[in-house]
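Tertiary structure, described
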Amino acid sequence: MSSALADLCRYPIVQAPMAGGASCSQLAAAVSEAGGLGFLAAGYKTADGMYQEVKQVRGLTGQPFGVNLFMPQPNTADPAAVEVYRHQLAGEAAWYETPLGDPDSGRDDGYEAKLAILLDDPVPVVSFTFGCPTRDVLDSFAKAGTFTVVTVTTPEEAQAAQWAGADAVCVQGVEAGGHQGTHRDDPATDGSGIGLLSLVALVRESVQLPVIAAGGLMRGGQIAGVLAAGAVAAQLGTAFLVCPESGANALHKQAMTNPLFVRTELTRAFSGRPARGLVNRFMREHGPYAPAAYPQVHHLTSPLRKAAAKAGDPQGMALWAGQGHKMARDLPAGRLVDVLVAELDSARAALALGRS
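Residues numbered from 1 in each chain as written. Predicted model: local features only at pLDDT ≥ 70, side-chain atom pairs only at ≥ 80, totals over all residues. Heavy atoms only, no water.

Take the overall build of the protein next. The helix and strand inventory of the protein stands at 15 helices and 11 strands. Reported as C-alpha extents along the three principal axes, the dimensions of the protein are approximately 60 × 45 × 40 Å. Taken across its 356 residues, the protein has 56% of its residues classed as buried. Within the protein, contacts between residues separated by at least 24 positions form 68% of all contacts whose residues are at least 6 apart in sequence. Accessible surface, the protein: about 14600 Å² in total, of which carbon and sulfur atoms supply 53%. Computing the positive centroid from 27 side-chain charges and the negative centroid from 33, the protein places the two 5 Å apart. (Helix = DSSP H or I, 4+ residues; strand = E, 2+ residues; numbered from the N terminus. Buried < 20%, exposed > 50% of the residue type's maximum accessible area, 1.4 Å probe, protein only. Contact = heavy atoms within 4.5 Å. Areas by Shrake-Rupley, 256 points an atom, 1.4 Å probe, with all protein chains shown as cover. Lys, Arg positive; Asp, Glu negative; His and termini not counted. Charge placed at Lys NZ, Arg CZ, Asp CG, Glu CD.)

A word on unusual backbone geometry. Glycine aside, residues mostly have negative phi, and peptide bonds are mostly found in the trans state. Cis geometry marks the peptide bond from Tyr-294 to Pro-295; its omega dihedral reads 10°. Relative to the helices and strands, Pro-295 is located in the loop between helix H13 (281-286) and helix H14 (296-310). Positive phi, close to 70°, is recorded for Tyr-44, a residue that is not glycine. As for its placement among the helices and strands, Tyr-44 is situated in the loop between strand E2 (38-41) and helix H3 (47-60). Backbone geometry at Asp-109 places phi at a positive 55°, although glycine is not the residue there.

For the rest of this paragraph, the subject is the side chain of Asp-313. Among the secondary structure elements, Asp-313 is positioned in the loop between H14 and helix H15 (333-355). Buried and unpaired, Asp-313 has Arg-281 as its nearest opposite-charge partner, separated by 4.7 Å. Side-chain polar atoms of Asp-313 contact the side chain of Tyr-96, separated by 2.6 Å. Here Asp-313 is in contact with Trp-95, Tyr-96, Leu-251 and Ala-308, once residues within four sequence places are set aside. (Salt bridge = Lys/Arg side-chain N within 4 Å of Asp/Glu carboxyl O. Polar contact = N/O pair within 3.5 Å; in protein donor to acceptor, adjacent residues only side chain to side chain.)

What follows deals with the sheet that holds strand E4 (residues 125-129). Across the sheet, eight strands lie side by side as E1-E9-E8-E6-E5-E4-E3-E2; this open sheet has parallel pairing. Sheet topology places strand E1 (13-15) and E2 at the edges, where each strand pairs with a single neighbour. For this sheet, the mean inter-axis angle between neighbouring strands, taken without regard to orientation, is 25°. Two elements, strand E6 (residues 168-172) and strand E8 (residues 211-214), share four bridges in a ladder whose sense is parallel. Paired with Cys-170 across the two strands is Ile-212, which belongs to E8. Contacts from helix H10 (residues 220-228) reach E1, E8 and strand E9 (233-236) within the one sheet, and its direction differs from that of E9 by about 135°. (Pairing = 2+ DSSP bridges. Axes fitted to C-alpha atoms, helices over the stretch in contact; angles between N-to-C directions.)

Using the criterion set out here, one finds 11 salt bridges in the structure. Where Lys-45 meets Glu-53, a salt bridge forms, and the shortest distance between an N and an O atom there is 3.6 Å. A relative accessible area of 21% means that Lys-45 is categorised as partly exposed. The closest approach of N and O atoms between Arg-58 and Asp-121, which form a salt bridge, is 3.0 Å. Of this pair, Arg-58 sits in helix H3 while Asp-121 sits in the loop between helix H6 (111-120) and E4, and the two are 63 residues apart along the sequence. Classification of Arg-58 by relative accessible area gives partly exposed; the value is 33%. For Asp-121, a relative accessible area of 26% corresponds to the partly exposed category.

Time to look at the packing of H3 against H6. Two elements in contact, H3 and H6, have axes whose closest approach is 9 Å; the angle formed by their N-to-C orientations is 30°. As summarised for this structure, H3 and H6 are arranged roughly parallel, according to the angle between their axes. Between H3 and H6 lies a crossing of right-handed hand. Taking contact as the criterion, the partners of Ala-47, Met-50 and Tyr-51 in H3 are, on H6, Ala-113, Lys-114, Ile-117 and Leu-118. Classifying every residue of the contact of H3 with H6 by side-chain character gives six nonpolar, no polar and one charged. (Parallel < 35°, antiparallel > 145°, perpendicular 65-115°, else oblique. Left-handed = near helix turned anticlockwise from the far one by under 90°. Nonpolar A, V, L, I, M, F, W, Y, C, P; charged D, E, K, R; others polar.)

Bringing the packing of aromatic side chains into the picture now. Throughout the structure, instances matching the rule amount to six aromatic pairs. Measuring from centroid to centroid gives 5.2 Å for Phe-130 and Tyr-294, while their planes differ by 65°, and the two rings are edge-to-face. A residue pair is termed long-range when its members are at least 10 positions apart, and Phe-130 in the loop between E4 and helix H7 (135-144) and Tyr-294 in the loop between H13 and H14 qualify at 164 residues. Note on accessibility: Phe-130 and Tyr-294 belong to one class, buried. What links up through ring pairs into an aromatic cluster is the set Tyr-44, Phe-70, Phe-130 and Tyr-294. The ring of Trp-163 carries Arg-135 above its face, with NZ or CZ at 5.4 Å from the centroid. Taking the ring centre of Tyr-294 as reference, the NZ or CZ of Arg-273 above it sits at 5.9 Å. (Phe/Tyr/Trp six-rings, centres within 6.5 Å; stacked < 30°, edge-to-face > 60°. Lys NZ or Arg CZ within 6 Å of the ring centre and 35° of its normal.)

What follows is the structure in C-alpha cells.
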C-alpha cells in the first residue's frame, strides 16, 4: 500500500460505502477494528444524520474510517420524461397502497452542510461519488488532515481527480453493485462500462495517484489479482452487505444467494441513474422505460421501495448487488476481513511459488 493508506488500515481492504442503510456505524467500526478501512455512506442522509453516525463510529472504534459524499447533480432531467414515468408507476403505487414521492425533493443531498461538518470536525478519510469536488474543497480537506478519494469510472475522470488535488482514486469497474459513480450521466454511454482489471491498468497509465480497485470483488484471490494489477487496495461492497452488522434489509441480504435471482443488470428503473442490482420484477417491467433523471426518479420511487420492503416483497425493492453476489458469505464483518486476509496471503504465496 501507499504509505498514506498504510497508516489508515493494516490490510488493503476497504469496505465500500453503500448508501441506503447498509453502511451503518456498526459495520464501519467492525471493519476498521479488524484492520480494514470501514466507511459510512452519507448519501440520502441529512447532515445531522451523518454526524450522528460519525459520533457512533468514534464511540465504537479508535481506528481510522471514512465518510462518502454524493456530489450535487446538474439539472439535466427532462420534466416531461419524469412525468411520463410517474404515470407508468401509477399501478405500482396502487399495488403497494402508497403515493409516489416528489421528484423535486432536492439534487444536492445536503452537500455543503456535510462539507462544513467534515471540515469543522475532520474524519480520517472522505470520498466522493458522482463527480469530482473543486480544488478548493480538496485543498481544504488536505489542510484539515483528511485523506481524499474520488470515485472514477474512466481514465479521463481519474485525470480530473488528479488535477483537482485528490489523494487517491477509487476505480470502479462495471462489475460493481449499486450506482456507477460516473462524473457525468450520459445515456449514450449506457452499457459501455469498462471491466475492473482493464480499468485499473488504464488508470495506472493515466495518473500518478494510488488506485483503490472496486467491482465484483468477493474473495482474497481477487484482491491479490487487483493488487498485482497495480491497485494499492481493494474495495468490497456486496461481500460486506450480508454481514450481521450491515444495516441492509434482511430481504436484500437473503436475495444475494437466493437461486431465484440468477443475474444482475445495470438499470435506471429505481433511481434514474445506472446502477447494478439483482434482476427482479420491477427492474424487468420498468427498466426499459426509466428516464435519465437522477435523483428525480430516486425520489419518485423511494416510497414504493420502502412499501415493498415493508410488505416483504423483494420483487419491488432495489436489490443492489455486484456480479459476484453468489459468493456472499454470512460472516461477522471482522471474521470476513480475517478470511479475506488469509485468502489474500494464500494467493500471494501461490503467485510467489509460481515465480520461483
